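Here is how the chains run, residue by residue.
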Amino acid sequence: MAQQPEAGRRAPLNRERVLRAAIALADEGGVESLSMRKLAQELGVVPMALYKHVPNKERLLDGMVDTVVARIDFPASGSGWKDAVRGRVLSARRVLVRHRWAARVIESRTGPTPAVLEYLDAMIGTFRDGGFSVDLTHHAMHAMGSRLLGFSQELFEGSGSADPNGGTDPSGAAETNDGAEALAEAGAAMAAKYPRIAELAAGVAHDAESVAGDRGCDDQFEFEFALDLLLDGLEKLHEQGWTSAGSTGSAAT
């Protein structure tokens, strides 16, 4: 009689299962807490078993990025270029809000991963199929930048507390009562030194739940505001038949 499989036998280890488990761990504790040892523990295997599927942590992160990017929706059939680009970008945004570590990991890659390249190639195709010249498409891709993947690259890091010299408070002093007083004094000193920055910071509020990653200003409203400005501007240039050769600006790159 053939031997029956053991009840509850663990699914065989493969690359897809490794990546799914790594993404779940990063979602739960942040990508900084992810290690090959912790991942092996989660999967119930020895660390060496992982290396058959991902040779090192950098390749693991590459695979995680590709898995996340592959979850971005395709545009609806028959969409015009503007709706198609906007729809895919906002889908990318929804994916990154679910996986808040992903934006930083995408930025940390030394080059685009295969899924990112495929996504960008499709975006270029959307512009070209919409009638954009190669020239305007080139500049559109530069202008859109990281927004194509659902996040905005801010001028400064979103974490840390400002000191009076414009830096951050690495000591974590704000977590104590004395630190809170020091932070308040530092904030007052900074406001006196940089009044326009203080005015702007005091006059805006952001929805932390809709931020992708740790960029405090990159909430959903700010993201869509910038995205729509860019798309409206590109639409206008496209309708005008704009070329960089006829532009009065600096030479195109």
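Residues numbered from 1 in each chain as written. Predicted model: local features only at pLDDT ≥ 70, side-chain atom pairs only at ≥ 80, totals over all residues. Heavy atoms only, no water.

*Asks:* Would you take a moment to explain the overall build of the protein for this structure?
*Replies:* Helix and strand content of the protein: eleven helices and zero strands. When each of the 253 residues of the protein is scored for burial, the buried share is 32%. (Helix = DSSP H or I, 4+ residues; strand = E, 2+ residues; numbered from the N terminus. Buried < 20%, exposed > 50% of the residue type's maximum accessible area, 1.4 Å probe, protein only.)

*Asks:* Explain helix α5 (residues 81-98) to me, please; I cannot follow it from the model alone.
*Replies:* Along an α-helix, a turn takes 3.6 residues, which lines up residues three or four apart on a common side. Look at α5: 26 Å from first C-alpha to last across 18 residues, which is about the 26 Å you get at 1.5 Å a residue. Within α5, the full set of buried residues consists of Trp-81, Ala-84, Val-85, Arg-88, Val-89, Leu-90, Ser-91, Ala-92, Arg-93, Val-95 and Leu-96. (Expected span 1.5 Å × (residues − 1).)

*Asks:* Could you clarify how one ought to interpret the nonpolar core in this entry?
*Replies:* If you look at the biggest cluster of nonpolar residues, it comprises 52 residues, and the most contacted ones within it are Leu-39, Leu-60, Met-64, Val-89 and Trp-101. Among the elements of the structure, α1 (15-29), α2 (36-43), α4 (57-69), α5, α6 (102-108), α7 (114-129), α8 (134-144) and α11 (220-240) are those that each provide at least two residues to this core. When residues no more than four places from it in sequence are discounted, the contact partners of Trp-101 are Ile-23, Ala-26, Asp-27, Val-31, Met-64 and Val-68. (Core = buried A, V, L, I, M, F, W, Y, C linked by side-chain atoms within 4.5 Å. Contact = heavy atoms within 4.5 Å.)

*Asks:* Can you help me understand the packing of aromatic side chains in this one?
*Replies:* Each aromatic ring pair is summarised here by two numbers: the centre-to-centre distance and the angle between the ring planes. According to the stated counting rule, one finds four aromatic pairs in the structure shown. Consider the rings of Trp-81 and Phe-127, whose centres lie 5.8 Å apart with planes at 40°: the pair is tilted. A residue pair is termed long-range when its members are at least 10 positions apart, and Trp-81 in helix α5 and Phe-127 in helix α7 qualify at 46 residues. Both residues of the pair, Trp-81 and Phe-127, belong to the buried class. Seen from their ring centres, Trp-81 and Phe-132 are 4.7 Å apart, and the 70° between their planes marks the pair as edge-to-face. Residue Trp-81 is found in helix α5, and its partner Phe-132 is found in the loop between α7 and α8; the two are separated by 51 residues along the sequence. Members of the aromatic cluster, each reached through a chain of ring pairs, are Trp-81, Phe-127 and Phe-132. (Phe/Tyr/Trp six-rings, centres within 6.5 Å; stacked < 30°, edge-to-face > 60°.)

*Asks:* How should I be thinking about a nonpolar patch on the surface in this particular structure?
*Replies:* Nonpolar side chains collect at one region of the surface, where Val-46, Met-48 and Tyr-51 lie side by side and expose about 320 Å² of accessible area between them. Residue position: Met-48 is located in helix α3 (residues 47-50). (Patch = residues over 30% accessible without salt bridge, like charges linked within 9 Å, V, L, I, M, F, W, Y side chains within 5 Å. Areas by Shrake-Rupley, 256 points an atom, 1.4 Å probe, with all protein chains shown as cover. Salt bridge = Lys/Arg side-chain N within 4 Å of Asp/Glu carboxyl O.)

*Asks:* Help me understand the packing of α1 against α4, please; the structure alone is not making it clear to me.
*Replies:* In a packed pair of helices, the relevant descriptors are the angle between the two axes and the axis-to-axis distance. Two elements in contact, α1 and α4, have axes separated by 9 Å at closest approach and are oriented at 85°. It follows that α1 is roughly perpendicular to α4 by the angle criterion. For the pair formed by α1 and α4, the contact residues are Arg-15, Val-18, Leu-19, Ala-22, Ile-23 and Ala-26 on the first element and Leu-60, Gly-63, Met-64, Thr-67 and Val-68 on the second. Class assignment for the residues of the contact of α1 with α4 results in eight nonpolar, two polar and one charged. (Axes fitted to C-alpha atoms, helices over the stretch in contact; angles between N-to-C directions. Parallel < 35°, antiparallel > 145°, perpendicular 65-115°, else oblique. Nonpolar A, V, L, I, M, F, W, Y, C, P; charged D, E, K, R; others polar.)

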